Amino acid sequence: MSLRVKQANSSQSYQVVIIGGGPAGLSAGLYCSRSRFNTVLIEQGIIGGQITNAERVENYPGFPKGISGIELGRLIHEQATSYGLKTLLAEVTLVVPDRNRNVIKSSEGDFIAESVIIASGSQFRKLAVPGEDRYVGKGVSYCATCDAPLFKGKTVAVVGGGDSAVTEALYLSKFASSVKVIHRRSQLRASKIFEERATAEPNIEFIWDTVVTQIEGDGAVKQLRLKNTRNDRISILELAGVFVAIGSKPNSAQWRELLALDEEGYIVTDELMETKIPGVFAAGDVRHNSARQAITAAGDGATAAISAARFLSF
Ligand SMILES: Cc1cc2nc3c(=O)[nH]c(=O)nc-3n(C[C@H](O)[C@H](O)[C@H](O)COP(=O)(O)OP(=O)(O)OC[C@H]3O[C@@H](n4cnc5c(N)ncnc54)[C@H](O)[C@@H]3O)c2cc1C
């Protein structure tokens, strides 16, 4: 489903240009346009961002019965455009900073902005096996915080061996009857403290030296096809859900020369979402230490917009 986009003109000057139309960018857009700043949001893909992949979002406040990710994105967009936010479908390729006259280069031309909010998000690393894309939201998940309650009393697997995989397994163990941690090596990369906690949980079991080769189902995930990396033996694991926890990567390649990034490429900001360049802010999943949730991204977006407003007032 594509969302209606009110087109902005390229080669124009704006007070604020927002890069990315996920919860962070849209919330920043809502705050900026409601504060009557001439604002354009540039999105290269789907308005709503990653959350549009969520079949049901049950942890975004205000929706006691949950809401589909597409609908959530649509509603925030509608709310922001009702205050005058303009949106443009284009890929931003470069930001050339210049105090109060930053140049934003995009596939649809150049823009001038007094302030820039980068909300370009991140992407979960995929297993890239058959069945993965087909069953996203139907048993394949990248976020235990988001989806664990859907697997109450069921068997699930977590794929990965780092801190995030073990943290996901520990969280899932409070809901699922059985959690299998599938790791391609014979020992974890996770911190000792997490490993000890996971080993002590009676419903967490480790499957070592094993990779997932296929996710199979029948409308929803039913089983994994596994391969032992030592002896190539194939086995089947029946379950209801598989959580892929092999990391994520930020959409930050374009900002590498411009901003301070952490070792994984996430943008470093202070608590006001300020980057090292005055007037350039970053918000949401692309930011170092983000909790990578729709609500935290939206909160970052609001903070970035308030900081941009302060910057524009001086
Ligand atoms: C399957 C799935 C289920 C999820 N379920 C939940 C849930 O239940 N609850 C929850 O809180 N969170 C959930 N999340 C996580 C949530 O979606 C993210 O935390 C949130 O979307 C991050 O918002 P963001 O605005 O920072 O980034 P994103 O949503 O990633 O949006 C960034 C946007 O920027 C655009 N962009 C990137 N680079 C450029 C560029 N150069 N030019 C123009 N545009 C660009 C991208 O196309 C993207 O649309 C889920 C995620 C997935 C994948």
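Residues numbered from 1 in each chain as written. Predicted model: local features only at pLDDT ≥ 70, side-chain atom pairs only at ≥ 80, totals over all residues. Heavy atoms only, no water.

A. Representation of unusual backbone geometry in the model. For D209, which is not a glycine, the phi torsion comes out positive at approximately 50 degrees. Here D209 is to be found in the loop between strand 11 (204-207) and strand 12 (210-217). Exposure remark for D209: the relative accessible area of 13% places this residue in the buried category. (Helix = DSSP H or I, 4+ residues; strand = E, 2+ residues; numbered from the N terminus. Buried < 20%, exposed > 50% of the residue type's maximum accessible area, 1.4 Å probe, protein only.)

B. Structural view of the sheet that holds strand 8 (residues 140-141). Strand order across the open sheet formed by five strands is 8-15-9-10-11, with parallel pairing between neighbours. Edge positions in the sheet fall to strand 8 and strand 11, since each has one partner strand and no second. Here two bridges tie strand 8 to strand 15 (residues 241-244), and the two strands are oriented parallel to one another. Bridge pairing links S141 to F243 in strand 15. Together, strand 9 (155-159), strand 10 (178-182), strand 11 and strand 15 form the strand contacts of helix 4 (residues 163-172), whose direction differs from that of strand 9 by roughly 165 degrees. (Pairing = 2+ DSSP bridges. Contact = heavy atoms within 4.5 Å. Axes fitted to C-alpha atoms, helices over the stretch in contact; angles between N-to-C directions.)

C. The packing of aromatic side chains, seen in detail. Taken as a whole, this structure holds seven aromatic pairs when the rule is applied. Ring centres of Y14 and F111 lie 6.1 Å apart, and the angle between their planes is 45 degrees; this geometry places the pair in the tilted category. Separated by 97 residues along the polypeptide, Y14 in strand 1 (residues 13-19) and F111 in strand 6 (residues 109-118) bring together distant segments of the chain. Judged on exposure class, the residue Y14 and its partner F111 are both buried. (Phe/Tyr/Trp six-rings, centres within 6.5 Å; stacked < 30°, edge-to-face > 60°.)

D. Quick look at the state of the cysteines. Overall, the coordinates contain one disulfide when judged by the stated rule. Between the sulfur atoms of C143 and its disulfide partner C146 the distance amounts to 2.1 Å. Because the torsion about its S-S bond is 75 degrees, the bridge between C143 and C146 counts as right-handed. A relative accessible area of 11% places C143 in the buried class. (Disulfide = S-S within 2.5 Å.)

E. Examining the site of the ligand more closely. Every one of the 35 residues lining the ligand counts as a neighbour, but E43, Q50, N59, D285 and A294 are closest to it. Interatomic distance of 3.2 Å between a backbone N/O atom of I51 and an oxygen atom of the ligand. Elements that contribute at least two residues to the shell around the ligand include exactly helix 1 (23-34), strand 2 (39-43), strand 7 (122-124) and helix 6 (294-313). For the shell around the ligand, the class distribution of residues is 15 nonpolar, 16 polar and four charged. (Near = heavy atom within 4 Å. Polar contact = N/O pair within 3.5 Å; in protein donor to acceptor, adjacent residues only side chain to side chain. Nonpolar A, V, L, I, M, F, W, Y, C, P; charged D, E, K, R; others polar.)

F. Examining the pairing of strand 15 more closely. Side chains G241 and F243 of strand 15 all project onto a buried face; the interleaved residues V242 and V244 project onto the opposite face, where all are buried too. In this sheet, strand 15 lies alongside strand 9 in parallel orientation, the contact comprising four bridges. Counterpart to V158 in the pairing with strand 15 is F243.

G. Summary view of helix 2 (residues 69-82). Taking 1.5 Å per residue, 14 residues should reach 20 Å; helix 2 reaches 20 Å between its end C-alpha atoms and fits that length. Of the residues making up helix 2, those classed as buried are G69, L72, G73, I76, H77, A80 and T81. The buried residues of helix 2 occupy an angular sector of 160 degrees when projected down its axis, which confines them to one face. Once helix 2 ends, the next one or two residues include G84, with phi positive near 105 degrees. (Expected span 1.5 Å × (residues − 1). Arc of directions from axis to C-beta.)

H. Spatial organisation of the pairing of strand 10. In terms of residue burial, strand 10 counts as a mostly covered element, since five of its five residues are buried. Because side chains alternate across strand 10, one face comprises the buried residues S178, K180 and I182, and the other comprises V179 and V181, equally buried. Taken together, the five bridges between strand 9 and strand 10 define a ladder with parallel strand orientation. Bridge assignment links V159 to a residue of strand 10, and that residue is I182. At this point the chain moves from strand 9, through helix 4, to the parallel strand 10, and the crossover so formed is right-handed. Relative to strand 11, strand 10 is paired through four bridges, and the arrangement is parallel. Each residue of the ladder has a partner; that of K180, found in strand 11, is E205. Between the parallel pair strand 10 and strand 11, the chain is carried across by helix 5 (residues 192-200), and the sense of this crossover is right-handed. (Right-handed = clockwise from strand over helix to strand, strands pointing away.)

Geometric descriptors of this kind do not, in isolation, establish any biological role.
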